[in-house]
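One-letter residues, chain by chain:
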Amino acid sequence: MEERIFTVKSNKLIARDVYEIKLSGDISGMQRPGQFVNIKLDGFYLRRPISVCDISADSLTLIYKTVGNGTEYMSTLQEGKKLDLLTMLGNGYDISKSGSSPLLIGGGCGVPPLYLLAKTLVAEGKSVTIITGFNTKSEMFYKNEFKSLGIRTLVATADGSYGAKGFVTDAMVKCGDFSYTYACGPEPMLKAVYYASKASGQYSFEERMGCGFGACMGCSCKTLYGSKRICKDGPVLEKEEIIWPTQE
Amino acid sequence: MADTRVALCGITLDNPVIPASGTFGYGYEFAKFYDINRLGTFSFKGTTKEPRFGNATPRIAECPSGLLNCVGLQNPGVNAVISDELPKLKKVFRKPVMANVSGFSTEEYVYTASLLDKEEQVGWIELNISCPNVHGGGMAFGTSPKMAYEVVAAVRKEVKKPLIVKLSPNVTDIASVAAACESADADGISLINTVLGMRINLKTRKPLLANITGGLSGPALLPIALRMIYQVYEAVKIPIIGMGGISCAEDVVEAMLAGATAVEIGAANLVNPYACRDIIEALPETMEKYKINKLAEITGGAH
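I will try to describe carefully the structure that is included in this document. (Residues numbered from 1 in each chain as written. Chains lettered and ligands numbered in written order. Predicted model: local features only at pLDDT ≥ 70, side-chain atom pairs only at ≥ 80, totals over all residues. Heavy atoms only, no water.)

### Focus on the overall build of chain A
In terms of regular secondary structure, chain A is built from five helices and 15 strands. Dimensions along the principal axes, computed over C-alpha positions, put chain A at roughly 45 × 40 × 40 Å. Considering only intrachain contacts with a sequence separation of at least 6, the fraction spanning at least 24 residues in chain A is 63%. Accessible surface computed for chain A: about 10300 Å², of which carbon and sulfur atoms make up 50%. Taking the 29 positively charged and 26 negatively charged side chains of chain A as two groups, their mean positions are separated by 3 Å. (Helix = DSSP H or I, 4+ residues; strand = E, 2+ residues; numbered from the N terminus. Contact = heavy atoms within 4.5 Å. Areas by Shrake-Rupley, 256 points an atom, 1.4 Å probe, with all protein chains shown as cover. Lys, Arg positive; Asp, Glu negative; His and termini not counted. Charge placed at Lys NZ, Arg CZ, Asp CG, Glu CD.)

### Some words on the side chain of E29(B)
Take E29(B): it is sitting in helix 1 (residues 28-31). Within the structure, E29(B) has its side chain in polar contact with the side chain of K232(A) (distance 3.3 Å). When near neighbours in sequence (up to four residues on either side) are disregarded, E29(B) contacts F213(A), G214(A), R229(A) and K232(A). (Polar contact = N/O pair within 3.5 Å; in protein donor to acceptor, adjacent residues only side chain to side chain.)

### Description of the interface of chain B and chain A
Between chain B and chain A, the residue contacts involve 32 residues of the former and 27 residues of the latter. Each partner contributes to the roughly 2400 Å² buried at the junction of chain B and chain A, and carbon and sulfur atoms together form 61% of this total. The interface formed by chain B and chain A contains three salt bridges. Elements represented by at least two residues in the side of chain B that touches chain A include exactly helix 1, strand 4 (60-63), strand 5 (66-69) and helix 8 (267-271) of chain B. In terms of residue count, the dominant contributor to the side of chain B that touches chain A is helix 8 of chain B (five residues). (Buried area = accessible area lost by both parts, 1.4 Å probe. Salt bridge = Lys/Arg side-chain N within 4 Å of Asp/Glu carboxyl O.)

### Quick notes on helix 5 (residues 174-183) of chain B
Side chains of residues three or four places apart in an α-helix project in the same direction, reflecting 3.6 residues per turn. All names here are of chain B. For helix 5, the set of buried residues is I174, A175, V177, A178, A180 and C181. Elements that come into contact with the buried residues of helix 5 comprise helix 4 (145-158), strand 8 (163-166), strand 9 (188-191) and helix 6 (222-235). Once helix 5 finishes, D185 follows within two positions and takes phi at roughly 75°, a positive value. (Buried < 20%, exposed > 50% of the residue type's maximum accessible area, 1.4 Å probe, protein only.)

### Focus on the sheet that holds strand 10 (residues 195-197) of chain B
Each strand in a sheet pairs with another by means of backbone hydrogen bonds, the pair being arranged parallel or else antiparallel. Residue and element names in this part refer to chain B. Across the sheet, four strands lie side by side as 4-5-13-10; this open sheet has antiparallel pairing. The open sheet has two edge strands with one neighbour each: strand 4 and strand 10. On average, each strand axis in the sheet is tilted by 35° relative to the strand beside it, whichever way the strands run. Pairing of strand 4 with strand 5, which is carried by four bridges, proceeds in the antiparallel orientation. Bridge pairing links A61 to L68 in strand 5. (Pairing = 2+ DSSP bridges. Axes fitted to C-alpha atoms, helices over the stretch in contact; angles between N-to-C directions.)

### As for a nonpolar patch on the surface
Taken together, L224(A), Y225(A) and I243(A) make up a surface patch of nonpolar side chains, about 350 Å² in accessible area. Given a relative accessible area of 57%, L224(A) falls into the exposed group. (Patch = residues over 30% accessible without salt bridge, like charges linked within 9 Å, V, L, I, M, F, W, Y side chains within 5 Å.)

### A word on the pairing of strand 14 (residues 240-243) of chain B
Residues and elements named next belong to chain B. Neither face of strand 14 is exposed, since I240 and G242 on one face and I241 and M243 on the opposite face are all buried. Relative to strand 14, strand 9 runs parallel, the two sharing three bridges. From the neighbouring strand, S190 faces strand 14, where its bridge partner is I241. Alignment of strand 14 against strand 15 (residues 262-265), held across three bridges, turns out to be parallel. Bridge pairing in strand 15 places I241 opposite A262. In terms of handedness, the path from strand 14 via helix 7 (residues 249-258) over to strand 15 forms a crossover that is right-handed. (Right-handed = clockwise from strand over helix to strand, strands pointing away.)

### Concerning the environment of S127(A)
Residues and elements named next belong to chain A. With respect to the element layout, S127 can be found in the loop between helix 2 (112-123) and strand 8 (129-134). C-alpha separation for the pair S127 and M74, spaced 53 residues apart in sequence, amounts to 36 Å. Filtering out sequence-adjacent residues up to four positions away, S127 remains in contact with S100, S101 and P102.

### Structural notes on unusual backbone geometry
Between G234(A) and P235(A) the backbone carries a cis peptide bond, its omega angle lying at 10°. Inspection of the secondary structure assignment puts P235(A) in the loop between strand 14 (226-229) and strand 15 (236-238). A cis amide bond links T57(B) to the next residue, P58(B), at an omega of 0°. Positionally, P58(B) belongs in the loop between helix 1 and strand 4. Notably, D17(A) is not glycine yet its phi reads approximately 65°, a positive angle. Relative to the helices and strands, D17(A) resides in the loop between strand 1 (2-15) and strand 2 (18-24). Note on D17(A): relative accessible area 37%, which makes it partly exposed. Residue C9(B) is not a glycine yet carries a positive backbone phi of 55°. Inspection of the secondary structure assignment puts C9(B) in the loop between strand 1 (6-8) and strand 2 (11-13). Here C9(B) falls in the partly exposed class, since its relative accessible area comes to 21%.

Now the structure itself:
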């Protein structure tokens, strides 16, 4: 972890309630896909943890959805604004396990970290397929960006307004065999993927965090290997260690 | 040269800055950010007899000038703390450390405190009778002078090292609880633990925290903490560790003027992992600004 100051380069709406923000600054050491940054925002006590979508030359791309006051404020940030970030947080995905033909599955706000992951896997010469899932077409983003990586790109929308109608698991059946799964999305999606996929994989989880670097135990979860902190020991868990919380 | 040293129950600290239990783990997460030997000391994660996972998530909710938490004393249990955590702590911290102890019965408090009392690096036992996030223990011991007296007296018999009792602000008269601890031979008082609160999710119309309620910490607490430090200083002769919303060197001075011998810093570490280092660095300049030569001399200065 390192505290670094970044400057807003651009901040634009790319889908309904979804923004892409580009920040310039020192990105050295931040190339591992699946990690996140924790952003200090004026007027808010806690930082906002956001996964890294892309790293290029001297800039960092994040995609976030406006879900509350903090992200609403973020959406108003203008070019030139300086931001205090804690960087290189979380374990990130382990790409050494991907095999030759990994399947990436992202739902909604879980899609962004899969972009850097896909880019990294492509650079490693892997044959990558991605399924992205959204509620509806107006919430969809990054279809063309994934296609531009030259990978097979499938989209599912719950209402059928774009791509396959249904959930990411409905699109999975059309994908044939794959060597490994990398997933990120809301817990119900991860759980559905977990049961629908025969392959091993890594799943990235979300939780409300206090510190984001392992100190406060605010985001603990139970795994087969004991309790883990989503922020520090995660957010990526191995499929084999996941214990799904019992439904209330 | 500004003298930042203070004496806490017979042990001299280089400065009065102590990261509070539950915001600093066992130190080694922070040792990656700066040399934690610069701290006065730190209070490690609250330890219980048995391992505890803690409460369900969400455990964290943001508030204006602070946060609620309902972690619920997650810890690996005293045996694992002694066998696994303290050896790791020793590698990054060479000063006496404060062992924070919690429990669900007087017997558990005595069991855990007496084991940690025997650990060489433990300088003080901080008895947490004020955790608001566990049921049937924790805060229940700190809400009446009689119960506080009983648990402190029982632990006192088995513990040789300085015994500091951490008090809850969720009481009508904190001074009477502090006085009860002093009469049970406690060596010091630390206060305040978090203030019980809650938030509600407007979209789901349900409590935001899985535990429904949580403890408020952060700058929002500072005036409440100052008032209670001031009251307790009038009621007891033993030293006070002041805490509650302290976020900068000025806050340290203010808490000491209210009656604190040293201070604990909690929530600030979570938003700025360098908070305690920054406060220690700012102390000499702040002392100069307010014409303080020896920091230890200002304790209780506002009375």
